[in-house]
Amino acid sequence: MAKTMNFPTYSSEEGKKHARNIVAIWFVVAVIADLIVWFVYGPHMPPGTMTDQARGAQFDIKVVSVMAVPVLLFLWTFGFYAVAKFRGGKDRAEGYYIKGNVKTQAAWYIITASLVLFLAGFGTYELVLPAGAGGGEGPSPIWRPSTNKLLQVQVIAQQWRFTYRWPQFGGMETTSINLPINTEIQFNVTSLDVIHDFWAYQLGVKADANPDSNNVAFAKTLETGRFTVRCDELCGIWHGAMFNYGHVVSQSQFLSWAQSMEAQNASVTKLLPKYATTYTPSYLGAGGGYYPAGDPNGTLN
Amino acid sequence: MPRRGVSLSKGARAGIVLISFAAAIGLILFGIFGYLRSSPDVVTATQSTSQPNTVNLVMQVDGAVGVGAHPNWVGYWVQDANGVWHQTTLVKVPVNTNVHVTVYEYDSGGALRNPEWAKVSGVSGGQVNLNGTEDAIVNPNSPGNGIAHTFVIPGLNVTVPLYGVNGSVKNFCQTGPCNLSEAHTTTSFAFFSGSSVHSYHWQCFVPCGLGYLEGNGGPMQSLGNMAGFFEVVK
């Protein structure tokens, strides 16, 4: 004779009581977690607060986190509650028989879909607005800072090092980068060979460096400190070594550094081609100078 | 209905599996040891007999190294304490030491893709001695010569452009190791090895991998040719 299985079910009233308990526990835990995420962990979230771009990115991550954490906690709360309350026992070897609930399922779909759609809209909005300007907007940025007082920094990637040109300081080129505080910077990112990526982590700037292309990114410096520059496109044997450190310094320190570098580099600056947003270096394959686009032989310079 | 094919005993099947496994392991080990054995020599810089806290390093750059799997590739040779040349870019120097370097350049040169690398930096006195003359910058646009290669250790901020041999000379070295009777330029300089033990990568910034993408493949990405390490040790 077949053994009959015992699957006890909850009454409607019991089910509602459990639902209320789950929601109550989840609500308290989620509020506490969100407060911790926003106020305790949030200020330390990457990429920091050194520029407006970094702060924008940090704000975005905080928003995403405070919306995602309650969803995660709801799943965990339900899971733990189910383990504690719905598990098997003496009178119910297989645990409770839990039936589906159309209203609950619909609510889950609608709430999570709404969250995802909201975040998609929020992310798109933030990409267009200043928070995304550090990501490189191509040669014709759709967003520009309101000020025309911009420090121009050209980032030239080459296998396997970044160099920087400063058109407002005689077109000098340096292997190091310092930036003044409280200044709107326009990064003009390009490459002399393959695709690289200029990732100034703490500045919230990360823009691809493509040959024959000027990828413009903006950031306003707000705090002094050190930042790391890394290449973030696999570009050959020394890709891992293609990094350097820069500093955001006071305006007077920057001016002093820039003028000193301009004087030190005067002799080599004369050898450089005229400043241009892109260069065409590769016509000779090996060696060969780097020239403004449209002047591949360097004869017009 | 009779079964087709050959029926193997359990022992035979186990034997095949074991032999296959052993062959696979053997192939992997062959590859690993082959790779390890193919690593270029490591040359230790020679202690200076005349200057304290100084080591000497003598190198040459050849347009064609003349040995190995790619004898036509450009590359370095480094001289050891016994005067023997090793085709390598792996060099060991002590920490907190002045490294006095002499580079014999046997390759021809040209314009630099990025003229920034014409500037000398990170060396003692800010200048190099090029063929007996002190220079802080080497003209990459010098007709017929230009810059052949650059000796750059980014981690120590050392950049030294190496003046090229005029391509029209008659005694141009065709294959390495070259000797001093053949056309060459001589660049001498010194740099400080730093206060910490570290493995610094060094490279050339002239895209001299002719025939490769942007000139930066082949020898430019090969240890022993134009890519290497300076091991700063205790």
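Parameters and conventions
For every chain, the first residue of the written sequence is number 1, and numbering continues from 1 along that sequence. To read the labels, note that chains go from A and ligands from 1, taken in the order they are written. A pLDDT threshold of at least 70 governs which residues receive local features in this predicted model, and a stricter bar of 80 or more applies before side-chain atom pairs are shown or counted, although totals over entire chains, interfaces and linings include all residues. Side-chain metrics rest on all non-hydrogen atoms present in the structure, leaving aside hydrogens and water. In this description a helix means any DSSP run of H or I spanning at least four residues, a strand means any run of E spanning at least two, and both kinds are numbered starting from the N terminus. Put simply, the radius of gyration uses C-alpha atoms, and a globule should come to 2.2 Å times the residue count raised to 0.38. To sort residues, take the accessible area from a 1.4 Å probe on protein chains only and compare it with the maximum for the residue type: under 20% means buried, over 50% means exposed, and anything in between is partly exposed. Any two residues having at least one pair of non-hydrogen atoms within 4.5 Å are treated as being in contact. To measure how exposed things are, a 1.4 Å probe is used in the Shrake-Rupley method; for residues, cover is taken only from the protein chains shown. When charges are tallied, Lys and Arg are placed among the positive residues and Asp and Glu among the negative ones, while His and the ends of the chain are skipped. Charge coordinates come from a single atom per side chain, which is NZ of Lys, CZ of Arg, CG of Asp or CD of Glu. Residues qualify for a patch when their relative accessible area is over 30% and they have no salt bridge, like charges being joined within 9 Å and the nonpolar side chains of Val, Leu, Ile, Met, Phe, Trp and Tyr within 5 Å. The salt bridge criterion pairs a side-chain nitrogen of Lys or Arg with a carboxyl oxygen of Asp or Glu, the two atoms within 4 Å. Take the accessible area each of two parts loses on contact, using a 1.4 Å probe, and add the two losses: that sum is the buried area. The definition of a polar contact used here is a pair of N or O atoms within 3.5 Å, where within protein one atom must be able to donate a hydrogen and the other to accept one, and adjacent residues in sequence count solely through side-chain atom pairs. Following the grouping adopted for this structure description, the nonpolar residues are Ala, Val, Leu, Ile, Met, Phe, Trp, Tyr, Cys and Pro, the charged ones are Asp, Glu, Lys and Arg, and the polar ones are all others, Gly among them. Throughout, the edges of the domains are those of an automatic or database domain assignment. Geometry of aromatic contacts follows a simple scheme: Phe, Tyr and Trp rings, the Trp one being its six-membered ring, pair when their centres are within 6.5 Å, and the pair is stacked under 30 degrees between planes, edge-to-face over 60, tilted otherwise. Charge-over-ring contacts are defined here by two conditions on Lys NZ or Arg CZ: a distance within 6 Å of the ring centre and an angle within 35 degrees of the ring normal. Note on definitions: angles span 0 to 180 degrees between N-to-C directions of axes, and those axes are lines fitted to C-alpha atoms, for helices only across the stretch in contact. Should an angle lie under 35 degrees it is considered roughly parallel, over 145 roughly antiparallel, and from 65 to 115 roughly perpendicular; all remaining angles are considered oblique.

(A) Quick look at the overall build of chain B. Looking only at helices and strands, chain B features one helix and 14 strands. What you see for chain B is a C-alpha radius of gyration of 23 Å, clearly larger than the 17 Å of a compact globule of 234 residues, by over 25%. Counting only C-alpha atoms and orienting by the principal axes, one finds that chain B spans roughly 95 × 40 × 30 Å. Every one of the 234 residues in chain B was classed for burial, and the buried ones make up 47%. Contacts in chain B between residues at least 24 apart in sequence constitute 67% of all its contacts with a sequence separation of at least 6. Total accessible area on chain B stands at roughly 11,400 Å², and carbon and sulfur atoms take up 58% of it. Put simply, chain B has 10 plus and 11 minus side-chain charges, and the middle of one group is 29 Å from the middle of the other.

(B) Expanded view of a nonpolar patch on the surface. All names here are of chain A. On the surface, a nonpolar cluster with roughly 770 Å² of combined accessible area is contributed by Phe27, Val28, Val31, Ile32, Leu35, Ile36, Phe39 and Val40. Mapped onto the elements, Phe39 comes out in helix H1 (residues 12-41). We classify Phe39 as exposed; its relative accessible area is 58%.

(C) Spotlight on the pattern of salt bridges. All names here are of chain A. Taken as a whole and assessed by the stated rule, the structure comprises three salt bridges over all chains. Its salt-bridge partner being Glu223, residue Arg55 comes within 3.1 Å of it at the nearest N-O pair. In this pair, Arg55 sits in helix H2 (residues 52-85) while Glu223 sits in the loop between strand E8 (215-220) and strand E9 (225-231), placing the two residues 168 residues apart along the sequence. Measuring nitrogen to oxygen at the nearest pair gives 3.7 Å for the salt bridge that ties Asp197 to Lys206. Counted as one network, the salt bridges with shared partners bring together Asp197, Lys206 and Asp232.

(D) A look at the interface of chain B and chain A. Facing 35 residues of chain B, the contacting portion of chain A comprises 29 residues. Between chain B and chain A, the buried area comes to about 2,500 Å², and carbon and sulfur atoms account for 58% of it. Seen at the junction of chain B and chain A, the total is zero salt bridges. Along the contact surface separating chain B from chain A lie eight residue pairs in polar contact (both at pLDDT 80 or more). Secondary structure elements with two or more residues in the side of chain B that touches chain A: strand E13 (198-203) and strand E14 (227-233) of chain B. Taken together, the residues of the side of chain B that touches chain A sort by class into 20 nonpolar, 11 polar and four charged.

(E) How the structure looks around the domain arrangement of chain A. All names here are of chain A. One can read the domain layout of chain A as domain 1 (12-128) and domain 2 (150-282). Once you take the C-alpha centre of each, domain 1 and domain 2 turn out to be 42 Å apart. Listed per partner, the contact involves nine residues of domain 1 and 16 residues of domain 2. When domain 1 packs against domain 2, the two sides together hide about 980 Å² of surface, and 57% of this comes from carbon and sulfur. When residues of domain 1 are sorted by the area they lose upon contact with domain 2, Pro47, Met50 and Thr51 head the list and together hold 57% of the total. On the surface where domain 1 and domain 2 come into contact, there are one salt bridge. Residues that form the side of domain 1 that touches domain 2 fall into these classes: four nonpolar, three polar and two charged.

(F) Spotlight on the packing of aromatic side chains. According to the stated counting rule, one finds 26 aromatic pairs over all chains in the structure shown. Seen in terms of ring centroids, Tyr81 of chain A and Phe86 of chain A are 5.8 Å apart; in terms of plane orientation they differ by 75°. Their pairing is edge-to-face. Residue classification places Tyr81 of chain A among the buried positions, given a relative accessible area of 7%. On the basis of relative accessibility, which here comes to 12%, the residue Phe86 of chain A falls in the buried class. Put simply, the rings of Tyr76, Phe151, Phe189, Phe191, Trp202 and Phe230 of chain B touch in pairs and so form one group of aromatic residues. Here Lys62 of chain A stacks its cationic end above the ring of Trp38 of chain A, 4.4 Å away from the centre of that ring. The residue whose ring lies beneath Arg230 of chain A is Phe243 of chain A, and the NZ or CZ to ring-centre distance is 4.9 Å.

(G) Representation of the packing of H2 of chain A against helix H3 (residues 102-128) of chain A in the model. Residue and element names in this part refer to chain A. In contact at an axis separation of 11 Å, H2 and H3 are set at 170° when each is read in the N-to-C sense. Here H2 lies roughly antiparallel to H3, going by the angle between them. Residue-level contacts link Gly56, Phe59, Asp60, Val63, Val64, Met67, Val71, Phe74 and Leu75 of H2 to Trp108, Thr112, Leu115, Phe118, Leu119, Phe122 and Glu126 of H3. Here the residues of the contact of H2 with H3 sort into 12 nonpolar, two polar and two charged.

(H) Molecular detail of the side chain of His239 of chain A. Relative to the helices and strands, His239 of chain A resides in the loop between E9 and strand E10 (243-249). A polar contact of 3.0 Å, which involves the side chain of His239 of chain A, links it to the backbone oxygen of Glu233 of chain A.

(I) Representation of a positive patch on the surface within the structure. Residues and elements named next belong to chain A. A cluster of basic residues, Lys16, Lys17, Arg20, Lys85 and Lys103, forms a positive patch at the surface. Top element by residues in the positive patch is H1. It accounts for three residues. Here Lys103 is to be found in helix H3. On the accessibility criterion, Lys103 (73% relative accessible area) is exposed.

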